[in-house]
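Understanding the architecture of this molecule
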Amino acid sequence: MVKRCLFGIALLAIQTSFCLVMAQDIQVHYDFGRNIYSAEENGRQKVTVTLEQFKADQWGSWYYFVDIDLSRHFTESAYTEISREFRLGKQSPLSAHIEYDGGLNKQGSFQQAALVGAAWNGHNTDFSKTWSVQLMYKQYFKSYDTTHSYASAQLTGVWSMTFAQKHFTFSGFIDFWRGEKSNGHGQLVVLTEPQFWYNATSHFSVGTEWEISNNFIYNAEPTSDKSFFFNPTLAVKWNF
């Protein structure tokens, strides 16, 4: 499971005057994927804890999240994405974007990747809607014996909108990138995770996330060629 919230990144990244801004939240998700796909996802985690943080400065912004997948007896994995953006001009919505993706699991590690490219950030007039489009070169590294390094590319869209007097938030991302099959042939991987939140207070929210993917999830059923998955969650979030 992977999560990203915009945190007003598009708004903050294009500010012309210097200000130090930081936002942080923690989310707890109960995942229904294993209930829906009992054979294909029989090893999928039930609970994921996510910590994410955004910080803006005079040059641009930092953002990271860590997903910790929990089972009844173990910490199954910890996955992180860390990115840095540099504004390209005081009035420009264009930023340079660099990113690292990777983490650890019970089997060893996730395959690591580095990304570099450009981001186009924007917002509406009252800043209730923000968005970002990122086009990046992606380099995978050999992380364990069954992997190898290869070049890829990724297109990412991120959005956030708050409405109904800030009681509701609809946010999420969609990624398209080139993955590789076990035979080395390329394939298009699609992953999107829209989130819908009811903001009970300025700190506490209740909501859901829908992980929708194709060619992303490992299929544990050897007789099934299923590649499309829909994994919903119920979640709570605390904004610090």
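Residues numbered from 1 in each chain as written. Predicted model: local features only at pLDDT ≥ 70, side-chain atom pairs only at ≥ 80, totals over all residues. Heavy atoms only, no water.

**Let's talk about unusual backbone geometry**
Stated formally: In this description a helix means any DSSP run of H or I spanning at least four residues, a strand means any run of E spanning at least two, and both kinds are numbered starting from the N terminus. With a 1.4 Å probe rolled over the protein chains alone, any residue whose accessible area is under 20% of its type maximum counts as buried; one over 50% counts as exposed, and the rest are partly exposed.
Of note in this structure, F127 is not a glycine but carries a positive phi near 65°. Within the secondary structure, F127 sits in the loop between β7 (113–123) and β8 (129–140). A relative accessible area of 40% means that F127 is categorised as partly exposed.

**Side note on the environment of W131**
Assignment of secondary structure puts W131 in strand β8. Distance from W131 to I212, taken between C-alpha atoms, is 20 Å for residues 81 residues apart in sequence.

**Details of the packing of aromatic side chains**
Defined as follows: Note on aromatic contacts: the rings of Phe and Tyr and the six-membered ring of Trp form a pair at centre separations within 6.5 Å, being stacked when their planes are under 30 degrees apart, edge-to-face when over 60 apart, and tilted otherwise.
Enumeration over the complete set of coordinates arrives at 12 aromatic pairs. Ring centres 5.7 Å apart and planes at 50° place the aromatic pair W159 and F170 in the tilted group. Here W159 is found in strand β9 (residues 150–163), whereas its partner F170 is found in strand β10 (residues 168–180), with 11 residues between them in sequence. W159 gets classed as partly exposed once you look at its relative accessible area, which sits at 22%. A relative accessible area of 31% places F170 in the partly exposed class. Ring geometry for F163 against F196: centres 6.4 Å apart, planes inclined by 40°, an arrangement best described as tilted. Taken together, the residues F163 in strand β9 and F196 in strand β12 (residues 195–199) connect sequence positions 33 residues apart.

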